[in-house]
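These are the residues of each chain, in order.
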Amino acid sequence: MSWFITFEGPEGAGKTTQCALLAARLREAGYSLLVTREPGGTPLGETIREWLLAGEALRPETEALLFTAARAEHVWDRIRPALERGTIVLCDRYVDSTLAYQGAGRGLDEGWLRELHRIATGDLWPDLTILLDVPVEVGLARRRAAAATITRLDQEELAFHRRVRAWYHAAAQRDPQRWRVVDATLAPEVVADVVWATVTEVMKRGRRSP
Ligand code: TYD
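Note that the structure is a prediction, hence the values are computed from the model and not measured.

A. Examining the sheet that holds strand β3 (residues 88-92) more closely. Across the sheet, which stays open at both edges, the 5 strands sit in the order β2-β3-β1-β4-β5 with parallel pairing between neighbours. At either end of the open sheet lies a strand with only one pairing partner, and these are β2 (33-37) and β5 (179-183). With direction set aside, neighbouring strand axes in the sheet form an average angle of 20 degrees. Note that strand β1 (residues 4-8) and strand β4 (residues 128-133) share 4 bridges and pair parallel. Counterpart to Ile5 in the pairing with β4 is Leu128.

Below, the structure is given as structure tokens:
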């Protein structure tokens, strides 16, 4: 059975590491997998990624449209076909990042962003979203310790990152069926064990009702 699982969280939460660790465990358990990320996942998506993360400042609307354009290609070319084949899809960030960063962070209307998502992807939402949660200061300090990975968005003011994290908390509270919150301040191996327990528990229980 196919599952669409996304990782979300503020900067420096360790999503990329946890995505790789979960992928290794799922592969070991015999599942077929697509491991991917946003922005990215297709040649066009990777090109848009460079613009978004390193390029000049953009209007919030332009930013949202570019993230969503990359997502449209990603969903129709990679994610939907994989789900139709019965593959598990693990994606490092997805639409909730747009709602958190361009919505809560930049102040764009969430209703407009949701409508854009509906048009761009045929309204494809994950079955399970893992929120790797760290306080903003902790995440940004981790990011700065690995300076090579600092992006244009990392450099936003603290208040921006606080709005992003608060949006994630509110979203997880509103839809506890889809979201699971994991404390990402713990050691990576401990976080990986919690993520594994969470994913196996949810998959055993079965898909949430549509
Ligand atoms: P990345 O280096 O992948 O950071 P992280 O490891 O935190 O995921 O950069 C992705 C950046 O893009 C991150 O700051 C969040 C931002 N982003 C948005 O603002 N909107 C989106 O829709 C997506 C997918 C990402």
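B. Region of the structure containing the site of the ligand. The environment of the ligand is made up of 16 residues, and the closest members are Glu11, Arg93, Thr98, Gln102 and Arg143. At 2.6 Å from an oxygen atom of the ligand is found a side-chain nitrogen or oxygen belonging to Arg93. Take Thr98: an N or O atom from its side chain is 2.6 Å from an oxygen atom of the ligand. Protein burial of the ligand: of its 550 Å² of free accessible surface, 94% is covered by the chains. At the level of secondary structure, the elements contributing two or more residues to the shell around the ligand comprise α2 (43-54), α3 (60-84) and α4 (95-105). If one sorts the elements of the shell around the ligand by residue count, α4 sits on top with 4 residues.

C. Fine view of helix α6 (residues 136-145). Buried within α6 we find Val136, Gly139 and Leu140. Each buried residue of α6 lies within a common arc of 95 degrees when the element is viewed along its axis, so the set occupies one face.

D. Representation of the packing of aromatic side chains. Evaluation of the coordinates by the stated rule reveals 5 aromatic pairs. Joined through ring pairs, the aromatic side chains of Trp167, Tyr168 and Trp179 make up one cluster. Stacked on the ring of Tyr94, the Lys or Arg Arg71 has its end atom at 5.4 Å from the ring centre. We note Arg80 situated over the ring of Trp76; from NZ or CZ to the ring centre the distance is 4.5 Å.

Cut-offs used in this document
- Residues numbered from 1 in each chain as written.
- Predicted model: local features only at pLDDT ≥ 70, side-chain atom pairs only at ≥ 80, totals over all residues.
- Heavy atoms only, no water.
- Pairing = 2+ DSSP bridges.
- Helix = DSSP H or I, 4+ residues; strand = E, 2+ residues; numbered from the N terminus.
- Axes fitted to C-alpha atoms, helices over the stretch in contact; angles between N-to-C directions.
- Near = heavy atom within 4 Å.
- Polar contact = N/O pair within 3.5 Å; in protein donor to acceptor, adjacent residues only side chain to side chain.
- Areas by Shrake-Rupley, 256 points an atom, 1.4 Å probe, with all protein chains shown as cover.
- Buried < 20%, exposed > 50% of the residue type's maximum accessible area, 1.4 Å probe, protein only.
- Arc of directions from axis to C-beta.
- Phe/Tyr/Trp six-rings, centres within 6.5 Å; stacked < 30°, edge-to-face > 60°.
- Lys NZ or Arg CZ within 6 Å of the ring centre and 35° of its normal.

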